[in-house]
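Survey of secondary and tertiary structure
These are the residues of each chain, in order.
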Amino acid sequence: MKTQLVSRAFHKVFRRVFQLLNIDEVTGTKVVSRNDLLHIGTDYGGWVVPKDLLNADSTCYCVGCGEDITFDLGLIEEFNCHVYAFDLTPRAIKHVRKHAADYQKYHFSDIGLWNQEEKLRFYAPKNSAHISHSVLEFTKN
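Worth saying up front: this structure is predicted, and the values here are computed from it rather than measured.

**Concerning the overall build of the chain**
- Counting its regular elements, the chain contains 3 helices and 5 strands.
- Taken from the N to the C terminus, the helices and strands of the chain come in the order α-β-β-β-α-β-α-β.
- Computed over C-alpha atoms, the radius of gyration of the chain comes to 20 Å, more than 25% over the 14 Å expected from 2.2 N^0.38 for 141 residues, which places it beyond the range of a compact globule.
- Viewed in the frame of its principal axes, the chain has a C-alpha envelope of about 55 × 45 × 30 Å.
- Per-residue burial over the chain gives 24% buried out of 141 residues.

Put into structure tokens, the structure is as follows:
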């Protein structure tokens, strides 16, 4: 129990030092502040982008659409750029076809991306309420 408390305390101090030094604790790289950050999309499916780095000549690739493509479509609305999106899950395909049909700059492929060209088995989630599929077969619900 005492070891766990010391470990937690050390971790809190470690994280605070990294914050003060503006260093990302995962990668160890220096974090540089920007004045041009813009959140696009919902709280669930959104991301923050540096808006000064994107424009109509940009090409964006989004992998794993799921049932929230507000970020993908927001990129088009904000920057008028082309977005290429990939997802092979049945519910994602249905969702994208329904919500992105009017976006000429949204290019959707119902394929998965992998580190080499090969066919893989893609397992549906055990819980049918979930959308994410996997190349790994999970035995737990």
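**Let's talk about the pairing of strand β1 (residues 37-40)**
- Two strands pair when backbone bridges link them, and β1 and strand β2 (residues 47-50) are joined in this way by 4 bridges, in the antiparallel orientation. Each residue of the ladder has a partner; that of L38, found in β2, is V49.
- In textbook terms, the turn of a hairpin is the stretch between consecutive antiparallel strands, and for β1 and β2 this stretch comprises 6 residues, one of which, G41, has a positive phi near 95°.

**Topic: the nonpolar core**
- In terms of nonpolar packing, the biggest core is built from 17 residues, with I69, L75, V83 and Y106 touching the most fellow members.
- Contributing elements (two or more residues each) for this core: β3 (59-63), α2 (70-79) and β4 (82-86).
- What Y106 contacts, discounting residues up to four positions off in sequence, is C65, I69, D72, L73, I76, V83, A85, V96 and A100.

**Details of unusual backbone geometry**
- The residue N22 is not glycine, and still its phi comes out positive at about 55°.
- The phi angle at N80 is positive, at roughly 60°, despite the residue not being glycine.
- Topologically, N80 is positioned in the loop between α2 and β4.

**What about the pattern of salt bridges?**
- Counted by the stated rule, this structure contains 4 salt bridges.
- The residue D36 makes a salt bridge to R34 at a minimum N-O spacing of 2.8 Å.
- We classify R34 as partly exposed; its relative accessible area is 37%.
- Between D110 and R97 there is a salt bridge whose closest N-O contact spans 3.6 Å. Linking D110 in the segment after β5 (106-109) with R97 in helix α3 (residues 90-99), this pair joins segments that are 13 residues apart in sequence.
- The exposure class assigned to D110 is partly exposed, which follows from its relative accessible area of 41%.
- Judged by its relative accessible area of 55%, R97 is exposed.

**Some remarks on the sheet that holds β3**
- Strand order in the open sheet formed by 3 strands is β3-β4-β5, and the pairing between neighbours is parallel. A single partner strand is all that each edge strand has here, and the edge strands are β3 and β5. The average angle at which neighbouring strand axes cross in this sheet is 20°, direction not considered.
- Pairing analysis gives 5 bridges linking β3 to β4, with the strands arranged parallel. In the strand pairing of β4, Y61 is matched with Y84.

**Here we look at the side chain of H95**
- Within the fold, H95 resides in helix α3.
- Those residues in contact with H95, other than ones at most four positions away along the chain, are G66, E67, D68 and I69.

Definitions and cut-offs
Residues numbered from 1 in each chain as written. Predicted model: local features only at pLDDT ≥ 70, side-chain atom pairs only at ≥ 80, totals over all residues. Heavy atoms only, no water. Helix = DSSP H or I, 4+ residues; strand = E, 2+ residues; numbered from the N terminus. Rg over C-alpha atoms; globule rule 2.2 N^0.38 Å. Buried < 20%, exposed > 50% of the residue type's maximum accessible area, 1.4 Å probe, protein only. Pairing = 2+ DSSP bridges. Core = buried A, V, L, I, M, F, W, Y, C linked by side-chain atoms within 4.5 Å. Contact = heavy atoms within 4.5 Å. Salt bridge = Lys/Arg side-chain N within 4 Å of Asp/Glu carboxyl O. Axes fitted to C-alpha atoms, helices over the stretch in contact; angles between N-to-C directions.

By themselves these figures say nothing about function.
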